[in-house]
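What the coordinates show
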Amino acid sequence: MSLRIKFNLVMVAAFLVGIGLAALFTKTIAEDTARRQVLHEASLLMHQATAVRGYTSGEVAPLLADQNAVRFLPHTVPSWAAQTVLRTVGRNFPDYDYKEAALNPTNPADRATDWESDIINTFRRDAALTEHVGQRATPNGPVLTFSRPFRITDRACLTCHSTPAVAPASMVDLYGPSNGFGWQLNEVIGAQIVSVPMSVPLERAQSQLVLLLASLAAVFLVMLLLLNLLLHFVVIRPIQQMTAAAERAAGGDLDTPEFTAEGRDEISSLARSFNLMRRSLVNAMKLLEA
């Protein structure tokens, strides 16, 4: 096996190991960056929903209090307002979702699904937990979920949700006496859940990874070409010339000119040693002829 082949095999092996490690680390960093980007988007949606809730309870509900006593208006309910507003936003971004899910909601449309119930029960088991970040698989790809618990900390909430007897009659007339009652103080009854798709950021991260690896491969090929040229002109060709001169000298051709040794590298040192050996051989042959 020639020196050139050995050199290229070592270089290719080193490149494959290096690009494998680079792909592993870069993939991890890219996916982490995509996840943080999605979590930031989910946090923005959560803050928007919370702002709508605050505006509804602080501004809208007091203005409609008198009408609400005669006919229950869902528009005064922060949960209904927040979900309605973000549902409108979802028309343009159908993969984004916001839901205020509850185990025993007043509005049956807010009843938690199985995976939403798992999140709510996680908050119920850990009273200190204020946020939950998860990921679930969907037909359209992975989706990140960002959730916050609904905990009954205001006794005023129990006016509408303790028993049907004390709840506003207009609300009972609208939703019936079977849903949204029996809530307890300091109990987690539901959660704000934001769902944001991860497919687009992950695809973007994958594209960036492929571009990076392609760039590394191009740089490696250019370096390999330059190193092969350097190897040929600095190492292989001088050695081939010295080998040819040594073979001629071994065949009795002592008139072969000396090999030009320029520079101070190892090849030049080898060339000077070769010339010294050739001179010694010529002198020895002249002594034998004399």
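Read on for a plain summary of the structure. Counting starts from 1 at the beginning of each chain's written sequence and moves along it residue by residue. Where local features are concerned, this predicted model is filtered to residues with pLDDT of at least 70; where side-chain atom pairs are given and counted, the filter is 80 or more; whole-chain, interface and lining totals use all residues. The side-chain figures draw on all heavy atoms in the structure; neither hydrogens nor water molecules are used.

Some details on the layout of surface pockets
The space that makes up the largest pocket amounts to roughly 1000 Å³. Going through the elements one at a time, helix H1 (3–63), helix H2 (65–70), helix H3 (78–89), strand E1 (97–102), strand E3 (141–151), helix H5 (158–161), helix H6 (169–175) and strand E4 (188–197) are the ones with two or more residues in the lining of the largest pocket. Per-element tally for the lining of the largest pocket: the top contributor is H3, with 6 residues. Under the scheme applied, nonpolar residues are Ala, Val, Leu, Ile, Met, Phe, Trp, Tyr, Cys and Pro; charged residues are Asp, Glu, Lys and Arg; polar residues are all the others, including Gly. For the lining of the largest pocket, a count of residues per class yields 22 nonpolar, 12 polar and 6 charged. Here the term cavity refers to a set of points on a 1 Å grid, laid over the protein atoms alone, in which a 1.4 Å probe fits but cannot get out; the term pocket refers to an open set having protein on both sides within 12 Å along at least five of seven lines, with lining residues being those that place an atom within 4 Å of a point. Grid points are joined across faces, edges and corners, and a volume is the space filled by probe spheres set on the points. Here the second largest pocket defines a volume of roughly 200 Å³. Lining the second largest pocket are Glu 41, Leu 44, Leu 45, Gln 48, Leu 86, Val 89, Gly 90, Phe 93, Tyr 96, Asp 97 and Tyr 98. Counting from the N terminus, the helices are DSSP H or I runs at least four residues long and the strands are E runs at least two residues long. In terms of residue count, the dominant contributor to the lining of the second largest pocket is H1 (4 residues). Residue classes in the lining of the second largest pocket are distributed as 7 nonpolar, 2 polar and 2 charged.

Describing the sheet that holds E3
One bridge is not enough; two strands pair if DSSP finds at least two bridges between them. Spatially, E1-E4-E3-E2 is the arrangement adopted by the 4 strands of the open sheet, whose pairing is antiparallel. Strands with a single pairing partner mark the edges of an open sheet, and in this sheet they are E1 and strand E2 (132–138). If you compare each strand with its neighbour and ignore which way they point, the axes differ by 25° on average. Where E2 lies against E3, 7 bridges are found, and the strand directions are antiparallel. Its bridge partner lying in E3, Val 133 is registered against Phe 146. Geometry is summarised by axes, namely lines fitted to C-alpha atoms with helices restricted to the contacting stretch, and by angles between N-to-C directions that run from 0 to 180 degrees.

Thoughts on the side chain of Gln 83
For Gln 83, the position within the fold is in helix H3. At 3.0 Å, the side chain of Gln 83 forms a polar contact with the backbone nitrogen of Glu 100. Here a polar contact is taken to be a pair of N or O atoms separated by no more than 3.5 Å, where protein atoms must pair a possible hydrogen donor with a possible acceptor and residues adjacent in sequence count only if both atoms sit in side chains.

Section: unusual backbone geometry
A positive phi angle is found at Asn 186, which is not glycine, with a value near 70°. Its place among the elements puts Asn 186 in the loop between H6 and E4.

With respect to H1
One less than the number of residues in a helix, times 1.5 Å, gives the span that helix is expected to have. Helix length check: H1, at 61 residues, gives a terminal C-alpha distance of 88 Å against a target of 90 Å (1.5 Å per residue), a fit within 8%. Bend is the name given here to the angle between axes fitted to two runs of seven residues, the run ending at a residue and the run starting at it. Of all the bends in H1, the largest measures some 40° and sits at Thr 56.

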